[in-house]
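Each chain is listed here by its residues.
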Amino acid sequence: VLLTHIRTHTQSHTHSYEMFVSDEHLKRLREKLIKSQTLNVFFSSPFGGMEEERRIFIEQYLPMLKGLCEPKGIYLKVCDLRWGITSEQTEKNQTLLVCLEEIDDSDIFIGLYGRRYGSVYSKDDERSKWVKDSFDAASLVFPWVLDFLTRAITEIEFLHGFINTPGKMPTIVSFRSFEYDEKMEKVFEGNAREQRKYAHPGDYAIQMLEELKNKSKEMSMQTSNSIQYGEYYSPEEGAKQLYYGLRKLLRKLLKSMDSFDSCGSGSLSAIAKRVLMANRGYALARQHGCIGMEGVLNKIVDNLHTTTTMFILSGGVGSGKSTVVANLWKRLELTTKTAATTAT
């Protein structure tokens, strides 16, 4: 028996939106977190025209969501490949392949769409050849994408993350009202580059968007673990919808883990356990930000494996001491050698 677990609204009462997540799915997520202490969220949206939603979500709301997870020893990672595709991957036409592989590695799918549908391949437009090349590269791993060669990459993400496999992972999606795009198109008159992000994309693109919106809504109404909100009318509202949806989901997931001891701290007091889990969450967050510090880490590890068993790490505020120590801890956990570390 399929139950409907969705509320769609046309108003912005985002605090009333709720998504049902089955106990079975919570159990799968919980078991995954026990092993990795990392929760991966894939953020899908077109490249152009959605920058403000992503900026508000990442800068304003993501820190609060991470603040829910870190005290439980969980690192919340949001994968937004609009900021993460390297020039080398682009040159090798791996944009779509990387996106689909990241979705496969994710635990939660969130998506936003405006009036801009995205680049589509057309045999009559030589400039769109890169889209076909991207589909061809992805088809080596995901052959089904060639059946959707005339669809935008973002729609392929929606298909793979949600519509083709409904219920696979918790999903939160929302579509922005075309009214906002029409307004911004006028705002950017005289600025062709920015105006293009909000311009009418053509009848074919509008038809594809409407079909995608309807398919998404239908899947949400038939499937637990997913919700499609009603249209939103500003980037602030769209980012807030994602925040409220994720916050409700995270609170339920983290509550289900209250009895789980992620740090092996069985004999400690309740306060000591909370402190230890918070420290683990803090460290996990910084283990994902160690860029350009391999030389420092290698030097410390080499010393620890020779004669040194204690060291002092010093540096100015914001220089990366915590990041170095967090990644050193990660390395040392894989060995039998222990060390006392002090960061000043």
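Relevant structure appears above.
This section reports on the structure supplied with the text. (Residues numbered from 1 in each chain as written. Predicted model: local features only at pLDDT ≥ 70, side-chain atom pairs only at ≥ 80, totals over all residues. Heavy atoms only, no water.)

### Brief notes about the sheet that holds strand β3 (residues 108-113)
Here's step 1: If you walk across this open sheet you meet the five strands as β2-β1-β3-β4-β5, and the pairing is parallel. Two strands in the sheet have a free side with no partner beyond their single neighbour: β2 (75-79) and β5 (226-228). Mean inter-strand twist for the sheet, computed between neighbouring axes without regard to direction, equals 15 degrees.
Here's step 2: Direction of pairing for strand β1 (residues 38-44) relative to β2: parallel, over a ladder of five bridges. When the sheet's bridge partners are listed, Leu 39 is paired in β2 with Leu 76.
Here's step 3: Lying over the sheet, helix α6 (residues 153-163) contacts β1, β3, β4 (171-175) and β5, oriented at roughly 150 degrees with respect to β3.
Here's step 4: Those strands touched by helix α10 (residues 235-255) are β1, β2, β3 and β4, and its axis lies near 170 degrees from that of β3. (Pairing = 2+ DSSP bridges. Helix = DSSP H or I, 4+ residues; strand = E, 2+ residues; numbered from the N terminus. Axes fitted to C-alpha atoms, helices over the stretch in contact; angles between N-to-C directions. Contact = heavy atoms within 4.5 Å.)

### Structural notes on the packing of aromatic side chains
Here's step 1: With the rule as written, the count across this model stands at 12 aromatic pairs.
Here's step 2: Summarising the aromatic geometry, the rings of Phe 43 and Phe 57 are spaced 5.6 Å apart at their centres and angled 80 degrees between planes, so their arrangement reads as edge-to-face. Of the two residues, Phe 43 sits in strand β1 while Phe 57 sits in helix α2 (residues 51-69), which places them 14 residues apart along the sequence.
Here's step 3: For Phe 43, a relative accessible area of 0% puts it in the buried group.
Here's step 4: Between Tyr 61 and Tyr 243 the ring centres are 4.7 Å apart and the planes differ by 20 degrees, which places this aromatic pair in the stacked class. With a gap of 182 residues between them, Tyr 61 in helix α2 and Tyr 243 in helix α10 connect regions that are remote in the sequence. (Phe/Tyr/Trp six-rings, centres within 6.5 Å; stacked < 30°, edge-to-face > 60°. Buried < 20%, exposed > 50% of the residue type's maximum accessible area, 1.4 Å probe, protein only.)

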